[in-house]
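Coordinate analysis (summary)
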Amino acid sequence: WLEYNTNKNYDVACMFSWGDIKNYEYLNLTSTYYDNHRRTLLETLDKTSFNVVRRESGVRIPQNQFYNNMYNSKITMAPIGYGETAVRDIEAASFGSVLIKPDMSYVNTKPFVYEDGETYIACKYDWSDLEEKIDYVLSNYNELQTHITENMRKRFKEEYSTEKMA
């Protein structure tokens, strides 16, 4: 886990690919499954005044810039991708960002680390309450950053321990 601070340059990080970029995982084209969800997230954020850092047109950027952008963001967005969980979830905890993603309460799996208001902030799948959720996080950032980050870190350590995974 990285040391983190509260002095961050951006309100929201959207560090994922989308659009004309073709994403392949294990030689399978995956972008068609999640581009629409990502596009509607970005369109929703474009209508707000939040300071958003993102990959323009979904184009890859150098890894150090990618991580620096996330480290310097108060909120990390993790839209649904090729599944409900995303690497952004753990990156948010690593960088001291509050994770916002669509509600995970319907997921029934072990291990399970997602608890709204404790390890992440849930929003509606269609992003219709996103502005309200971001306002809530930014208005309560000093309390929520430590609360959400430390709870997610603790939950990951507990649920993904060697003993539990074996």
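Every chain's residues receive numbers from 1 upward, in the order its sequence appears when written. Only residues with pLDDT of at least 70 are given local features in this predicted model, and only at 80 or more are side-chain atom pairs given and counted; all residues enter the totals for whole chains, interfaces and linings. Only hydrogens and water are set aside; all other atoms, that is, all heavy atoms of the structure, feed into the side-chain values.

Considerations on the overall build of the protein chain
Looking only at helices and strands, the protein chain features 6 helices and 7 strands. Residue exposure (1.4 Å probe, protein chains only): buried if accessible area is under 20% of the type maximum, exposed if over 50%, otherwise partly exposed. Across the 166 residues in the protein chain, those meeting the buried criterion constitute 47%. We call two residues contacting when some pair of their heavy atoms lies within 4.5 Å. Expressed as a percentage of contacts within the protein chain between residues at least 6 apart in sequence, the contacts between residues at least 24 apart total 67%. About 9,200 Å² of surface is accessible on the protein chain, with carbon and sulfur atoms providing 46% of the total. Secondary structure is summarised from DSSP: a helix means a run of H or I of at least four residues, a strand means a run of E of at least two, and numbering begins at the N terminus for each. Computed by Shrake-Rupley with a 1.4 Å probe, the accessible areas treat only the displayed protein chains as cover when residues are assessed.

Brief notes about the packing of helix α3 (residues 87-95) against helix α5 (residues 141-159)
Fitted lines through C-alpha atoms give the axes, limited to the stretch in contact for helices. The angle between two N-to-C directions lies from 0 to 180 degrees. The interhelical angle for the contact between α3 and α5, taken along N-to-C directions, is 120 degrees, at an axis separation of 8 Å. Overall, the two elements α3 and α5 adopt an arrangement that is oblique. Read as a crossing pair, α3 and α5 show a hand that is left-handed. Residues I90, A93 and S94 of α3 pack against T149, M152, R153 and F156 of α5. Classifying every residue of the contact of α3 with α5 by side-chain character gives 4 nonpolar, 2 polar and 1 charged. Here the word oblique covers every angle except those under 35 degrees (roughly parallel), over 145 (roughly antiparallel) and from 65 to 115 (roughly perpendicular). Here a crossing is called left-handed whenever its near helix is offset anticlockwise from the far helix by less than a right angle, and right-handed whenever the offset is clockwise. Classification convention: Asp, Glu, Lys, Arg as charged; Ala, Val, Leu, Ile, Met, Phe, Trp, Tyr, Cys, Pro as nonpolar; all other residues, Gly among them, as polar.

Let's talk about the environment of S17
Checked against the element boundaries, S17 lands in the loop between β1 (10-14) and β2 (24-25). For S17, a relative accessible area of 6% puts it in the buried group. Once the C-alpha coordinates of S17 and E56 are considered, the two residues, 39 residues apart in sequence, prove to be 8.7 Å apart.

A word on unusual backbone geometry
Cis rather than trans, the peptide bond between K110 and P111 has omega equal to -5 degrees. Structurally, P111 can be placed in the loop between β6 (98-102) and β7 (121-123). Within the chain, W127 stands out as a residue other than glycine whose phi angle is a positive 70 degrees. Along the chain, W127 falls in the loop between β7 and α4 (130-139).

Some points on the packing of aromatic side chains
Planes of paired rings set the category: under 30 degrees apart is stacked, over 60 is edge-to-face and the rest tilted, where pairs are Phe, Tyr or Trp rings (Trp by its six-membered ring) whose centres lie within 6.5 Å. Following the criterion strictly, the structure yields 6 aromatic pairs and no others. Aromatic side chains F66 and Y67 sit 5.5 Å apart centroid to centroid with 70 degrees between the ring planes, which places their arrangement in the edge-to-face category. Both rings, one in F112 and one in Y114, keep their centres 5.7 Å apart while their planes meet at 65 degrees; by these two values the pair is edge-to-face. Exposure remark for F112: the relative accessible area of 23% places this residue in the partly exposed category. Here Y114 falls in the buried class, since its relative accessible area comes to 9%.

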